[in-house]
Amino acid sequence: MPTYVTTPIYYVNAMPHLGHAYTTIVTDTYSRFRRLCGDEVRFQTGTDEHGEKIVEAAVKEGVSPRAYVDRISAAFQATWPQLSVAQDYTIRTTDPDHVQTVQDILQQVYDNGDIYFSEYSGHYCQGCERFLTEKELVDGKCPDHQVAPKEISEQNYFFRMSKYQDWLIDHIKANPEYITPERYRNEVLSFLSEPLEDLCISRPTSRLTWGIPLPFDENFVTYVWFDALINYLTGIGYPDGSDFEKYWSVAEHVIAKDILKPHAIYWPTMIKAMGLSPYRRLHVHGYWNVDETKMSKSIGNVVRPKELVDTYGVDAVRYFVLREMSFGLDSSFSSDAIVARQNSDLANDLGNLFSRSLTMVVKYAAGKVPAADPTSEGPAEAELKNALATMVSGYEEHMNRFEFHRALQAVWEVIGLLNRYIVTNAPWELAKDPAQEGRLQTVLYSLSEALRIITLVLGPVMPEAAAKMVTALGLDGRMENVTLAEAGAWGGIQVGTQVAAPQQLFPRLDKKALAAGSTQQAAPVKKKARKEEKKKEISQDGLVSFEQFGKFDLRVAEILAAEKIAKSDRLLKLTVLLPEERTIVAGIAEHYSPEELVGKLVIAVANLKPAKLMGVPSQGMVLAAKTTGEDGREQLILSTVAGSIAPGSKVA
RNA sequence: GGCGAUGUAGCUCAGCUGGUUAGAGCGCACGGCUCAUAUCCGUGGUGUCCGGGGUUCAAGUCCCUGCAUCGCCA
């Protein structure tokens, strides 16, 4: 199967920012994913370089439009490698072959009678580059630019868009996936419920010369739509290119919601007028709202792709934007959020999983992936295999629907499962017992194999990190040109593969250092340190204050009943009078039989936070003295009181 | 003004055609482990499911209405 996917061509009146980066990362990820599915993929991006605003910007800089667009276009092209974006073709609307194609198509559509000449007059706003309607004016001025528009009477060429309105409505209704997510499809249909006007597609050369001349009237240049949208055809060699048919039949466009109308309405009708088949799908995404108060100072107000990559790393940036945004909806971008994703999802969950797993293969299996021992495989391995298979199919489905956040969620579910698998099976325990060798090998094999599949599916999302994972797994050269269908199945890793504990795949980031504008890595402090700090507070130098002691509510308790807790060697369930009746679970079963406890008066902590032990809720604890007997075994003697006293009496 | 979307735990959000005690991740608290990047595992939620009506044996899920936010259109 072929895949042809495009980003919009970016207008070069401004430098690349987060929005451009997102669209392009999404398209790159999708193209890598389709390649992983075995497709022959064509991925195109580019720049839109004609128009009045370009001329204005060039004039401002005192350079020619040509020099200006060369400079900005180069900035865009320099950005993509920094984001690990690998497009197959970069088109510029100033390319000679594009200019030629646009003119050919204009002539063709003109000859067919779908372009006509007409005169009209109206309020033209320079800033908007368009005519405004009476209703749009506020106090006679353009609401966006606060300037009174000029009264212009102008003759121009128009594209007979209205002619194709009914066809377009039918086509969208008949193809639910033509425009997705659905909200945008509805928006378009809603817009189409009103009569379409024809589209003005020219500018007189008296007003604009930086454009493609109309082939049938040298006094005009084409304006925006034919010039820009046709790039999707030029880039794959329309009309005679050998690959044109192959790729055009499967064309998919990725855009942000601000250019929905041109892509969902103008473009299909233009294509129809040319006599071509419609593109296959249009994928529309939302905006990134940048929370400036939560941004790193070094990045500032405008989020520049290069600075993002320099600050957080390309993998973190790609993972973040794909994981955080529900495709189609707006999301917010903040330093805190990206750091949280990096530290939690990438460093803790994924990076640490790789680290711990491969370290164990190195330690316990001399660094070679051991063979699984079929006789020691159990339900845990069955669950793993099952989870991996489910993940791969879910991943594929979601990626195809541009639901990247869901695809990644599915992967992380498996990562969580693997971390649990390690704890449950404790290879470090297995390694202590030679009799468990088979079991150990099975666990290590399963981990290695699962990591291989995870690496495979993360390739499209984080190409750089995935390459490091491949190396760590000793699979250099073996993960290229493989397909998801084959390589995504269990059992692909070769026994004996030499792995290496990876260098830190995902470094932890320090939120505070980043906020201050430093690109320093995290000083590894945080949670546990704080936890231990707290513990210290209580037992600083081994002494507690009287106040601290006063927090313990110690009381005399009378044991009313005692019974063993099933499946536990050490726990007894006690019913005590304190003076109210309570249940306390005590770890004294090895030292006292239930019978001998009944009636005893013991000292209990009455205000201990309730806890569940072996499923039995315990409201307090009884105190006992602990020592080691002559046989080396632990001995426990319950604390009690020297005389008879009422249950519930305070001990202090 | 018209049309539409959204409003669910401290934060970000899942909850399909109405049906067990409303979920996930993060954060937070406590406990456990020690292979690991001070990581991992376990336990912990009295959430007015925006407010108010209604339909139903049963509504976060359907209908009406109000409020808030947003989008498209005029």
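Since the structure is predicted, the reported quantities are computational estimates derived from the model, not experimental observations. Residue positions are counted from 1 within each chain, in the order its sequence is given. Whichever chain is written first becomes A and whichever ligand is written first becomes 1, with later ones labelled in order. Only residues with pLDDT of at least 70 get local features here, since the model is predicted, and only at 80 or more are side-chain atom pairs given and counted; chain-wide, interface and lining totals rely on the full set of residues. Here the side-chain values reflect all heavy atoms present in the structure, with hydrogen atoms and water set aside.

## A closer look at the sheet that holds strand β7 (residues 179-180)
Spatially, the 6 strands line up as an open sheet ordered β3-β2-β1-β12-β13-β7, and their pairing is parallel. Pairing within the sheet leaves two strands with one partner each, and these edge strands are β3 (89-92) and β7. The pairing of strand β2 (residues 40-48) with β3 spans 4 bridges and is classified as parallel. Across the sheet, residue G46 finds its bridge partner in β3, namely I91. Against the sheet, helix α1 (residues 18-36) makes contact with β1 (2-11), β2, β12 (251-256) and β13 (281-285), and its axis sits at roughly 170° relative to β1, the strand it touches most. Strand pairing is assigned whenever DSSP identifies at least 2 bridges connecting the two strands. What counts as a helix is a DSSP run of H or I of at least four residues, what counts as a strand is a run of E of at least two, and both are numbered from the N terminus. Throughout, a contact is declared for two residues whenever any of their heavy atoms are within 4.5 Å. Note on geometry: axes are C-alpha line fits, over the in-contact stretch for helices, and angles between N-to-C directions span 0 to 180 degrees.

## Observations concerning the side chain of R439
Its location among the elements puts R439 in helix α17 (residues 437-458). In contact with R439, not counting residues within four places along its chain, are S376, E377, G378, A380, E381, N425 and L430.

## Some remarks on the packing of helix α2 (residues 52-61) against helix α3 (residues 65-82)
Interhelical geometry of α2 versus α3 gives an angle of 95° and a closest axis separation of 9 Å. It follows that α2 is roughly perpendicular to α3 by the angle criterion. Each of I54, A57, A58 and E61 in α2 lies in contact with α3, whose residues at this interface are P65, Y68, V69 and R71. Split into classes, the residues belonging to the contact of α2 with α3 amount to 6 nonpolar, no polar and 2 charged. Reported orientations rely on four angle classes, namely roughly parallel under 35 degrees, roughly antiparallel over 145, roughly perpendicular from 65 to 115, and oblique for the rest. Each residue gets one label: Ala, Val, Leu, Ile, Met, Phe, Trp, Tyr, Cys and Pro are nonpolar, Asp, Glu, Lys and Arg are charged, and the others, such as Gly, are polar.

## A look at the packing of aromatic side chains
Two aromatic rings, drawn from Phe, Tyr or Trp (for Trp, its six-membered ring), form a pair once their centres lie within 6.5 Å of each other, and the interplanar angle then sorts them: stacked below 30 degrees, edge-to-face above 60, tilted otherwise. Evaluated as defined, the whole model comprises 31 aromatic pairs. Seen from their ring centres, Y110 and F216 are 3.7 Å apart, and the 5° between their planes marks the pair as stacked. Taken together, the positions of Y110 in helix α4 (residues 96-111) and F216 in the loop between β10 (213-214) and β11 (217-222) put the pair 106 residues apart, joining distant regions of the chain. The class of Y110 is partly exposed, set by a relative accessible area of 31%. Ring-pair connections join several aromatic residues into one group, and the members of that group are Y30, F33, F327, Y395, F402 and F404. Relative accessibility thresholds used throughout: buried, under 20% of the residue-type maximum; exposed, over 50%; partly exposed, between the two (1.4 Å probe, protein chains only).

## Re the nonpolar core
We call a set of buried residues a nonpolar core when its members are Ala, Val, Leu, Ile, Met, Phe, Trp, Tyr or Cys and they connect through side-chain atoms within 4.5 Å of each other. Core analysis: the largest hydrophobic core is formed by 104 residues, its most contacted members being L350, M391, Y395, W412, L458 and M462. Once residues lying within four places of it in the same chain are set aside, the contact partners of M391 are A410, V411, V414, I453, I454 and V457. Within the second largest apolar cluster, 52 residues are counted, among which are I172, L189, L199 and M274.

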